[in-house]
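Examining the three-dimensional arrangement
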Amino acid sequence: MNSESHYENDRVAEFIHRHGFTRVALQFPDELLKDSMRVVKSLREKLNSLYVEDVKLYVMADTTYGSCCVDEVGASHVNANCVIHYGHTCLSQTSTLPALFIFGKASISVSKCVTNLRNCGERIGKPILVLYGLEYAHAIQEIKEALISDVLSLCGSTSGLEPLYADIRCSVIYPPETSNSANRLELVDREVANSLAKGTNTAYGIGGLTWSLPEGRKMDDYLVFWIGLDNPAFANVVLQFNSCEIVRYDATEDCLVTNLSQQKKILNRRYYLVEKAKDANIIGILVGTLGVAGYLNMIHRIKEMITRAGKKAYTFVMGRPNPAKLANFPECDVFVFVSCAQTALLDSKEFLAPVITPFEAMVALSRGSQWTGEYVIEFSDLIASCSFEVKKQSEEARFSFLKGGYVENLDPEDDDAVEKDEILALVNVTEKALRVRDNNSLSIKKANAKSGAEYFATRSYHGLEINGDNRSPETFLIGRSGRASGYDDEKTKQGTL
Amino acid sequence: MVKFTADELRRIMDYKHNIRNMSVIAHVDHGKSTLTDSLVAAAGIIAQEVAGDVRMTDTRADEAERGITIKSTGISLYYEMSDASLKSFKGERMGNEYLINLIDSPGHVDFSSEVTAALRITDGALVVVDCVEGVCVQTETVLRQALGERIRPVLTVNKMDRCFLELQVDGEEAYQTFQRVIENANVIMATYEDPLLGDVQVYPEKGTVAFSAGLHGWAFTLTNFAKMYASKFGVDESKMMERLWGENFFDPATKKWTTKNSGSPTCKRGFVQFCYEPIKQIINTCMNDQKDKLWPMLQKLGVVMKSDEKDLMGKALMKRVMQTWLPASTALLEMMIFHLPSPSTAQKYRVENLYEGPMDDAYANAIRNCDPDGPLMLYVSKMIPASDKGRFFAFGRVFSGRVSTGLKVRIMGPNYVPGEKKDLYVKSVQRTVIWMGKRQETVEDVPCGNTVALVGLDQYITKNATLTNEKEVDAHPIRAMKFSVSPVVRVAVQCKVASDLPKLVEGLKRLAKSDPMVVCSIEESGEHIIAGAGELHLEICLKDLQDDFMGGAEIIKSDPVVSFRETVLERSIRTVMSKSPNKHNRLYMEARPLEEGLAEAIDDGRIGPRDDPKVRSKILSEEFGWDKELAKKIWCFGPETTGPNMVVDMCKGVQYLNEIKDSVVAGFQWASKEGPLAEENMRGICFEVCDVVLHADAIHRGGGQVIPTARRVIYASHLTAKPRLLEPVYLVEIQAPEQALGGIYSVLNQKRGHVFEELQRPGTPLYNIKAYLPVVESFGFSSTLRAATSGQAFPQCVFDHWDMMSSDPLEAGSQAALLVTDIRKRKGLKEQMTPLSEFEDRL
């Protein structure tokens, strides 16, 4: 496929021109970076042909967080007033900049896809809901038409099989506060979506796709037919609609994948992580996005919930998390990763402490709440769906499935307790001062630390000991020399071995 | 029908000298519940005629169905003794009324925790031994437990009827059998003797051994016969008792007592002559329906039969006659009242075992004196599911003070530490209840020395707790119980309908509460796991879970899952090295197996993280041949900081080593919990830190760099040290007649078990077989064995040790490798193990 149509340069140029943007950031994911120069060159030509002269184009890559989100912080470094996002995206709402999304166009054989779709529908006999990766959005119209004609030619009527197709919410996203004043044209899309939602039908949305079911139907009644790769977007669909039957059509391999047990296992695993989070005393909040709308709100709410549950929260901003980064904070028993929906699921096997999503944190932190199998990934849904009410806690000891028994729950710090604590604080301090320091037990109990300070106190190493026993100056020592990959003394040792 | 009321019971509760708290303990199928029946019958709760068949204390449907006791059941009984029978009682008493709080316990080894819970709240134990099968493995276990709790035992040799009807042995042979049974029991008791408890051995001539036939409801102690003959011979009762046991012979021809068999054919042992033979005679006459002979005999004995009973025939007649002549309840009650301690006696010496706090504080004194006006000390030993689903009675024993309806109590849980707020609740008791068989009676209050069930505290008590008055803030809790079995058999459960998950979770919580031995946990893969002591135990738990705690919602259970351990066979073939993610830090390590017995020593807590380093290094150097200096360099134990693996520092002169210690420990805790083979726990491995190279800048050698590296290098050293799997092994004890041996051997062979001991029980056709059997193979073992021996063999399995599997899990296709693949598949891991190259780096 040629790059002109693939990157839709005409549309981009027209968009820039129409809105009169002067500083435009072009955001490429790593795998498309190689095309960036060609795109810029061609865009420049297009803009020139539209007589737009003073537009500055900036290429952005290597985003701090997931490349599916709009890197608003990066864009504001160059004072850009809009972002053109290329490649796979999560279509999360931006918070300050308008963004145009170019999904790209992956190749697909329409006829083969239609055949699979039809066979599948005939075999299962449920109504079908077609969801797809955004890169296949361009082919959906074709598939629709092809399917109708196909079914017509085979059985003469379309009544038997008429799948429901999801729509793309929009390919342009405005930050909430500017959307009112902005050009009306692009808003049409969203209004359509809104009006649908307002009807009696139930509207659903995930990862930029929206659809609404006719009245009286539930999601469980449908067979979800996913066109696209096995990527995070698909994983989200599987998680969120875990009670639906789901098949995946892989367009590159041209095959139908019906065995999704591996994906289903994810849900069980997430359930385990929730149980683990219930046992946590110290929770780290990882900021995994600085762009997705509502992220600050989300962080505040989670922090509030954590404190109300009597646990300690610390907030970390560290870009994309990896095991080495997180292991620098071994005091955290669990991390809550606040990020866009498609980067939220981190397989935490390699991590010292599990990483969970805000939804999971909410299930874990509100006592008495039970996981019934529903799963919410996107913040907007989460904030809407959950009242954040903290019920009057029952005093029964909490059952921990990790320890396999009842454990005593930490006191939520109500005012009463705090007051008492203050009164007792002095007593406690003096008591501790008198206690004989048991050096052996220092490295023993990690699980009981309730705050970072407490954890630090139980470590055997507290930093440099300035008041060491030996005050006399040390003798002069010759240090190591050489490179980190193998110092000089090591090389010789290795040789003699 | 019932001969007493709750009010009567309540009244005697105040007479602390007239209370006996006792449990009935024995090997499975030796007749505990049946014997208990006759006691219950004597109290009038069930009819005398059906005693022995009802098994009153088996209250659950499945208990009745299987014919075994599953849960221990408490029952309070009231007796009024006659003045005559109490004549020789020397201890303190208040009137003739007695209250017996009796707990019938299960004999199957899977339910040993129930026995533990029962023993804690009783002061005496009636040990029941089958006269033919003798002292079995579970008899020994429960006796040991009892003596550990300072419970005074009395013995009854049960199933006497088998001697007369089944085996038809002659008197001398029977005597030898009984003598052996008693001797065997005494040997065990002597082993676990406790100076404070004094001599706990049992002697028939002192009246601490009874002979009973639970099924037929009769029993006697030598006292019965001694009384009868004392007047006849004109000797003292106690003198007569001595003559009725041991090396005392009587020749009716010469009418002389001798201490040796004179050889004359009429000379017989006192016991045989005066106890065994008369009984045998009566039984034989009854069985042969020689009624014309019977009536005069009975008249001589002073036994009066009702007219309608005279029409009975054969066995029924025999049962009735024996019950009237030698009622089980009289003999047993007398034995219990005379020889088992009252709470006020028992608590004097039990207080040290019970109370955790100082022995001279108000609480210890109140317990010691069994003071009803002292502060409340109540130990809840188990939670009993109530009839309304989801609620529990807290069942326990009042050691001092009194508990009453509406009283506000301090609930100190198992994790309570005096002075802290952890695991502590203050709540009011809604109702106090006493147990009368299948019925519960509410009473106003219960004073010390009694067992009691409390309503309204179940939310705050998890398994067990100590209760005291609200204001007694300085009370220490009563020591937690130690269980002799551990949960090794596990199944994964899930609900059939996904939306039942909350029900399942709730059910598992309730299950965990109802049984202290069950562990409900969750696997990494998100599966719920129920762990129990054995197959039978699990089966019962699953049934309870589904029917009682989940309201019948359907569950799917997996095949039993056995957990393995990962270990090493040799020292690592080389020192392995791993680099940190930033490549600036290097850790060098070697793994080696721990010395034999060391892992067990750590399990037992003889060596642990909290030891004094000097003591530890002494043990290590003397028993395990460690270098004294090295023993001081143990960094930590793991997993969970107490497990049977360790990290030892072998570095010399390395800079910043103290800085990374915490990180290495954290990495080790993580790695030792999930080994490299199948993510099972590690066991018996010592990791030696040989060398470390660290970045000069502190930020580059932080936890983030070192923790993952420590984990990797531990895996690498493990994999280079000939990794092996350990599997759990049961000790199986089987008792069976000779003709069943062939079947037993073939089943054991087929199940990879091996016999290491085979003994014939002297005087019986029974063989005692001890064998090791891998837990993995044990599922369905009992039923296979029963089938192969036509029901003659019944195994008792107890977890014994971990056994190394000889095959190499790294060699594709080997048995261990297949096992590893299976486990990984079940856990949802990649089927292939991560190769060594992922963990080890090269310079």
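Residues numbered from 1 in each chain as written. Chains lettered and ligands numbered in written order. Predicted model: local features only at pLDDT ≥ 70, side-chain atom pairs only at ≥ 80, totals over all residues. Heavy atoms only, no water.

To continue, consider the overall build of chain A. The number of helices and strands found in chain A is 16 helices and 21 strands. Residues counted as buried form 48% of the 497 residues belonging to chain A. Considering only contacts within chain A whose residues lie at least 6 apart along the sequence, 69% involve residues at least 24 apart. Of the roughly 24800 Å² of accessible surface on chain A, a fraction of 53% belongs to carbon and sulfur atoms. (Helix = DSSP H or I, 4+ residues; strand = E, 2+ residues; numbered from the N terminus. Buried < 20%, exposed > 50% of the residue type's maximum accessible area, 1.4 Å probe, protein only. Contact = heavy atoms within 4.5 Å. Areas by Shrake-Rupley, 256 points an atom, 1.4 Å probe, with all protein chains shown as cover.)

We now examine the packing of helix H24 (residues 741–750) of chain B against helix H25 (residues 781–788) of chain B. Residue and element names in this part refer to chain B. Contact geometry for H24 and H25: axes closest at 9 Å, N-to-C directions at 145 degrees. Where H24 crosses over H25, the handedness of that crossing is right-handed. Of H25, the residues touching H24 (which contributes Gly743, Ile744, Val747 and Leu748) are Phe781, Thr784, Leu785 and Ala788. Residues belonging to the contact of H24 with H25 are distributed by class as follows: six nonpolar, two polar and no charged. (Axes fitted to C-alpha atoms, helices over the stretch in contact; angles between N-to-C directions. Left-handed = near helix turned anticlockwise from the far one by under 90°. Nonpolar A, V, L, I, M, F, W, Y, C, P; charged D, E, K, R; others polar.)

Residues and elements named next belong to chain A. Strand order in the open sheet made by the five strands is E6-E5-E11-E12-E13, with mixed pairing throughout. Both edges of this open sheet fall to strand E6 (164–165) and strand E13 (255–257), since each of them pairs with a single strand only. Summarising the sheet, strand E11 (residues 223–227) and strand E12 (residues 245–250) pair through five bridges and their orientation is parallel. Its bridge partner lying in E12, Leu223 is registered against Glu245. Against the sheet, helix H5 (residues 110–124) engages strand E5 (128–132), E6, E11, E12 and E13, with an angle of about 165 degrees to E11. (Pairing = 2+ DSSP bridges.)

What follows concerns the nonpolar core. All names here are of chain B. Membership of the largest hydrophobic core comes to 150 residues, with the highest contact counts inside it found for Val403, Leu467 and Ile530. Sorting elements by how many residues they give to this core places helix H23 (residues 703–719) first, with seven residues. Core analysis: the next-biggest nonpolar cluster, separate from the first, contains 68 residues, Val132, Phe274, Trp325 and Leu766 among them. (Core = buried A, V, L, I, M, F, W, Y, C linked by side-chain atoms within 4.5 Å.)

Moving on to the environment of Asp800(B). Residues and elements named next belong to chain B. Examined against the element boundaries, Asp800 turns out to sit in strand E36 (residues 794–804). C-alpha of Asp800 to C-alpha of Pro728: the two residues are 72 residues apart in sequence and 7.6 Å apart in space. If sequence neighbours within four positions are ignored, Asp800 has contacts with Val729, Tyr730, Leu731 and Tyr772.

The subject of this paragraph is the confidence of the model for chain B. With 97% of its residues at a pLDDT of at least 70, chain B reaches an overall mean of 84. Model confidence for chain B, summarised as mean pLDDT per element, is weakest for helix H3 (residues 61–66) of chain B at 72 and strongest for strand E26 (residues 565–568) of chain B at 93. (pLDDT = per-residue confidence, 0-100.)

All names here are of chain A. Tracing the backbone through its elements, the reader meets Thr63 in the loop between strand E2 (56–60) and helix H4 (72–77). Using a relative accessible area of 7% as the deciding quantity, one classes Thr63 as buried. Within the structure, Thr63 has its side chain in polar contact with the backbone oxygen of Tyr65 (distance 3.1 Å). With residues near it in sequence (within four places) discarded, Thr63 still touches Gln27, Asp71 and Arg320. (Polar contact = N/O pair within 3.5 Å; in protein donor to acceptor, adjacent residues only side chain to side chain.)

This paragraph deals with the pairing of E11(A). Side chains on a regular strand alternate between the two faces of the sheet. Residues and elements named next belong to chain A. Here E11 lies mainly inside the structure; five of its five residues are buried. Burial of the side chains of E11 extends over both faces: Leu223, Phe225 and Ile227 are buried on one face and Val224 and Trp226 on the other. The pairing of E5 with E11 spans five bridges and is parallel. Residue pairing in the sheet places Ile128 in a bridge with Leu223 of E11. The handedness of the E11 to E12 crossover, carried by helix H8 (residues 232–240), is right-handed. (Right-handed = clockwise from strand over helix to strand, strands pointing away.)

With that settled, consider the sheet that holds strand E30 (residues 645–649) of chain B. All names here are of chain B. Strand order in the open sheet formed by five strands is E27-E28-E32-E30-E29, and the pairing between neighbours is mixed. Strands with a single pairing partner mark the edges of an open sheet, and in this sheet they are strand E27 (576–579) and strand E29 (634–638). Strand-to-strand twist of the sheet, defined as the mean angle between neighbouring strand axes without regard to direction, takes the value 25 degrees. Pairing geometry for E27 and strand E28 (residues 586–593), over four bridges, is antiparallel. Counterpart to Lys579 in the pairing with E28 is Arg586. Of the strands in this sheet, E27, E28 and strand E32 (685–693) touch H23, which is tilted by about 40 degrees from E28.

What follows concerns the interface of chain A and chain B. The interface is formed by 46 residues belonging to chain A together with 59 residues belonging to chain B. Here chain A meets chain B over a buried area of about 4700 Å², counting both sides, of which 51% is carbon and sulfur. The salt bridge partner of Arg711(B) is Glu350(A), with a shortest N-O separation of 3.8 Å. Counting across the interface, chain A meets chain B through three residue pairs in polar contact (both at pLDDT 80 or more). Elements supplying a minimum of two residues to the side of chain A that touches chain B: helix H9 (261–278), strand E18 (398–400), strand E19 (405–407), strand E21 (486–487) and helix H16 (488–496) of chain A. In terms of residue count, the dominant contributor to the side of chain A that touches chain B is H9(A) (six residues). When the residues that make up the side of chain A that touches chain B are grouped by side-chain class, the tally is 17 nonpolar, 14 polar and 15 charged. (Buried area = accessible area lost by both parts, 1.4 Å probe. Salt bridge = Lys/Arg side-chain N within 4 Å of Asp/Glu carboxyl O.)

Moving on: the pattern of salt bridges. Residues and elements named next belong to chain B. For the structure on display, the rule yields 49 salt bridges over all chains. A salt bridge links Arg120 to Glu149, with the nearest nitrogen and oxygen atoms 3.1 Å apart. Placement of Arg120 in helix H5 (residues 112–120) and of Glu149 in the loop between helix H6 (137–148) and strand E5 (152–158) is noted, with a sequence separation of 29 residues between them. In this pair, the class of Arg120 matches that of Glu149, namely buried. Three or more residues joined by partner-sharing salt bridges are found here, namely Arg120, Asp123, Glu149, Arg350 and Arg397.

A negative phi angle characterises most non-glycine residues, just as the trans form characterises most peptide bonds. A cis amide bond, omega 0 degrees, links Gly638(B) with the succeeding residue Pro639(B). Tracing the backbone shows Pro639(B) in the loop between E29 and E30. Notably, Asp62(A) is not glycine yet its phi reads approximately 50 degrees, a positive angle. Relative to the helices and strands, Asp62(A) resides in the loop between E2 and H4. Of note, Thr641(B) is a non-glycine position whose phi angle comes to about 65 degrees, a positive value. Relative to the elements of secondary structure, Thr641(B) occurs in the loop between E29 and E30.

What follows deals with the environment of Ser153(A). With respect to the helices, strands and loops of the structure, Ser153(A) is situated in helix H6 (residues 137–155). By relative accessible area, which is 57% here, Ser153(A) ends up exposed.

Moving on, we get to the environment of Ile140(A). Residue and element names in this part refer to chain A. By the element assignment, Ile140 lies in helix H6. Classification of Ile140 as buried rests on a relative accessible area of 6%. Taking the C-alpha atoms as reference points, Ile140 and Glu162, 22 residues apart in sequence, are found 14 Å from one another. Here Ile140 is in contact with Tyr132, Tyr165 and Ile227, once residues within four sequence places are set aside.

Residues and elements named next belong to chain B. Relative orientation of the contacting elements helix H17 (residues 501–514) and helix H18 (residues 535–549) amounts to 120 degrees, with a least axis distance of 9 Å. In terms of their interaxial angle, H17 and H18 are classed as oblique. Crossing angle aside, the handedness with which H17 passes H18 is right-handed. Mapping the contact onto sequence places Lys503, Leu504, Gly507, Leu508, Arg510, Leu511 and Ser514 in H17 and Cys541, Asp544, Leu545 and Phe549 in H18. Here the residues of the contact of H17 with H18 sort into six nonpolar, two polar and three charged. (Parallel < 35°, antiparallel > 145°, perpendicular 65-115°, else oblique.)

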